[in-house]
Each structure stands twice: as structure tokens, then as C-alpha cells.
Amino acid sequence: MMQDFQSAISSFDLELSSAVDTAEDSNKLAQNRLEQLARTVGDLVDKATQNERILRKFQQFELQLLAITGMEALFDTLLAESLRHFRLDAVELWLFDPESTVRDLLPDDVQRSAGLSWFDSDDDLRVLYPMALSVRLASPPPLNLFPGRPVRSVALLPLVRHGALVGSLHFGAFAAQRFSGDKSTDFISHLASVVAVCIENCTNQERLHRLSLIDMLTRVENRRAFHLSIDTEIARAMRQAEPLTVMLGDLDHFKAVNDNHGHQVGDRVLRAVAQEIAGMLRKTDHVCRYGGEEFALILPNCDRNLALEIAERIRARVESLRIASDSGIEVPTSISLGVTCWTHPKSNGVNVAERLIKLADDAAYRAKQNGRNRVEYQAFG
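Within each chain, residue numbers correspond to sequence positions counted from 1 in written order. This being a predicted model, a pLDDT of at least 70 is required before a residue's local features are given, and a value of 80 or more before pairs of side-chain atoms are given or counted; all residues contribute to the totals for chains, interfaces and linings. Computation of side-chain values covers all heavy atoms of the structure but excludes hydrogens and water.

**Student:** Can you break down the nonpolar core residue by residue, with the values?
**Tutor:** Grouping buried Ala, Val, Leu, Ile, Met, Phe, Trp, Tyr and Cys residues that are joined through side-chain atoms within 4.5 Å yields what is termed a nonpolar core. Here's how the labels work: a residue is buried when its accessible area is under 20% of the maximum for its type, exposed when over 50%, partly exposed in between, all with a 1.4 Å probe on protein chains only. Counting 37 residues, the largest nonpolar core has Leu65, Phe75, Leu93, Leu157, Leu169, Phe171 and Leu191 as the members making the most contacts within it. Of all the elements in the fold, those that place two or more residues in this core are α1 (2-66), α2 (71-85), β1 (90-96), β2 (116-119), β4 (153-161), β5 (164-173) and α5 (186-212). If one sorts the elements of this core by residue count, α5 sits on top with nine residues. The contact partners of Leu157, leaving out residues within four places of it in the chain, are Tyr129, Val135, Gly167, Ser168, Leu169, Phe171, Ile188, Leu191 and Ala192. Counting residues in each nonpolar core, the second largest holds 32 residues, with Leu251, Val273, Met280 and Val287 among its members. Numbering goes from the N terminus for both helices and strands, where a helix is a DSSP run of H or I of at least four residues and a strand is a run of E of at least two. The contact definition used throughout considers only heavy atoms, calling two residues in contact when any of these lie within 4.5 Å.

**Student:** Quick rundown of the sheet that holds β1? Include the residues and the values.
**Tutor:** One open sheet accounts for five strands, arranged β2-β1-β5-β4-β3; its pairing is mixed. Every interior strand has two partners, whereas the edge strands, β2 and β3 (136-138), have only one. Between one strand axis and the next, the sheet turns by 20° as a mean value, whatever way the strands run. The pairing criterion is simple: DSSP has to find at least two bridges between the two strands. Alignment of β3 against β4, held across three bridges, turns out to be antiparallel. Counted as the bridge partner of Leu137 is Ala155 from β4. Contacts from α2 reach β1, β2 and β5 within the one sheet, and its direction differs from that of β1 by about 160°. Interaxial angles span 0 to 180 degrees and are taken between N-to-C directions of axes, which are lines fitted to C-alpha atoms, for helices over the stretch in contact. Most of the contacts of α5 go to β4, to which it runs at about 45°, and overall it touches β1, β3, β4 and β5.

**Student:** Can you lay out empty space enclosed by the protein for me, pointing to particular residues and giving the numbers?
**Tutor:** For cavity detection a 1 Å grid was placed over the protein atoms alone, and a set of points counts as a cavity when a 1.4 Å probe fits there but cannot get out; an open set counts as a pocket when protein lies on both sides within 12 Å along at least five of seven lines, with lining residues being those that have an atom within 4 Å of a point. Grid points are joined across faces, edges and corners, and a volume is the space filled by probe spheres set on the points. Tallied over the entire structure, the rule returns one cavity of 30 Å³ or more. Its volume calculated, the largest cavity comes out at about 40 Å³. Think of it as three bins: nonpolar holds Ala, Val, Leu, Ile, Met, Phe, Trp, Tyr, Cys and Pro, charged holds Asp, Glu, Lys and Arg, and polar takes everything else, Gly as well. Split into classes, the residues belonging to the lining of the largest cavity amount to five nonpolar, two polar and one charged.

Listed below in C-alpha cells is the structure:
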């Protein structure tokens, strides 16, 4: 009996020890699972925090883009500011502009900006997106991107408006893993859409702005544009210590043209004269319809001798125009021109713009008084 009792006690001790060991193992397993879960949650929190930080960075840049109204500022932000903001090594912007719609809104130096390329055909752009017009990450990049740069990975952002590919923005990195194919593209895809919208909006705003500065009849700049341009050119002349010429021209006997042949013929004369003058000038010069039959010209980096030579050529070309009335009668045209030239790097308190306009106007009046169809010069003083 005693032996059976001791055997039962031993069996119970073994079962109890086994149960304790099992409980300890279960506790350890539960602890390991809790630690693993904590690490997973921590990783998810870190990933969420990182994604929030990245999202904020993209949103900041997008808001900056959406606040821009000018093409020059937009291109500067895309090509220069993006480098700093996203810590990139290289940026390219390719634009499909077959009719030079965008290029015509930009100065020559901006058109030639580093990293900016223009295409008259979209073939070179479409080859970058053979499968679909969606963001593409590539490591290594296509051979025709970033020539001569040690770029090892790229993000290609298709710029799509109304279903058409209008451009491609390229972010480049020297590190092969920066834009490897396993990365998410959600934020970059949204940025691509914003960039495409901003390019379209800035183009439309620039075109509207240009239209507000154009005389609809003659298609040259209007009086408002003249006053904006003269301030800009005076500032440029002062910085570069260059001469600046202003001319005012008044068509001779223009009232008689309207009275004898009608206003439609008068409009025809104004258009012909404006386009003739515009065709003779440099791209950096300005010709404006100042009012009625008056034209104003601004010639940067043009001294007295060159100004008088140009004015005489204009006078002769206007006189040689052959414009017919509705009845076939030839309408005589001639212009009286007043010229002045500013060569002083400092204005000494004088309102240079007002002074130039007044002197050119005085000279034009004197040309009228001295017989018309002539050029008169008034020195700046």
C-alpha cells in the first residue's frame, strides 16, 4: 500500500513538473510573440511616420508649384529648386511643343536652360513609356537620359493633359537604389499630375498676359507694354552701362487718309506700317502703338549714330510702302520721327523714362514743323 502511495506521489510530481515546464514554454512563446508583435507595430509606426514626412515634402513642393503664375519661375522651380527640395543629383524636363506655343512665351536664355529640352515630335517622349503613361522607375536609366552624368537610377514622370503626353520630368540619382523598381510611386504620380496642370495653367496665364500687352489692330505692343518695357530697359541700361534709344514716330496726314479713304483703309495703313517697322528691328527691340497714328520704339544698347541710321531706314521704308485703297487708289504714307538717346549710367534724380518720352516727342513735333517725312534728334539733357 505504502509503495503504491509513493508511486502515485512520484507520478503526480512528474505531471506537475511537466505542467510547469509546459507553462514556462507557453509563457516564453507568448513573450516572443508579444515582442515580435511590438517590433512589427514599431516598424509600421516608423514606416507611417516616414511616409507622412515624405508626403509632407511632396505636398510642400506641390503647393509651391500651384502658387506660381509665370513660366520662368515655374521652370526655375522644376529644374533648380527640386534638386534641393528632394535632394536629387540631376533633373531634366522634356517638353513637346510642336508649334512653339510655350517657347514663344520665354526669353531665349530660359529656352536654353540646362536640363530643358524641346521636341517637335512626341516620339522621343513616348519611347520612355512603352507600356503605359505612368511613372516609371529605372536603374540603370535609359541611355538617352542625363548624357555625361553618372546617374544610376531615375524616376520618369509623364506629364499628361487631356490624355495626351505633353512632356516628361526626370529625377536622377547617383545611387542605384534611390529609384529602384521596388519603390512606391504614389506620391511621384500625384506630383506628375500637378506639374502637368501647372505647365498648362502658366502657359494660359502667360498668353493672356501677352494679349493684354498687344494692340489688336497692329499686333505690336500697346502703350501699357511700352511703359512696362521702358522701365525694364532703363534698369538694364543702368546695370550694364549701355546707351538706350527711344523714338516716337507720327504718321503724316493720317487724318486725311481716314477722311478720304475711310477708316478701314486707315487701319490697313496702320497695320502695314507697324509690321514693316517690326520686321526691321532686332528681337531685343520694342515697337509699340503709342496711340492713334503714333508709334514708339525702344532700342536697347543703341547709341546716337546707330539710332539715327535706323530711324532713317524706317522713314525710307515707310515712304516706300504701296498701300491701295478699296477703289485701287494708292495711299501715300510717310512718317515723322523724333529720336533721343540716353547714355548716362546714373539718372541724378531725373525720371529717365518721362524725360526720354518728352524729348522724343519734342523731336517728333519738330520733324512735323520742319516739313514732315523726316528725322529729328533731341539730345538728352
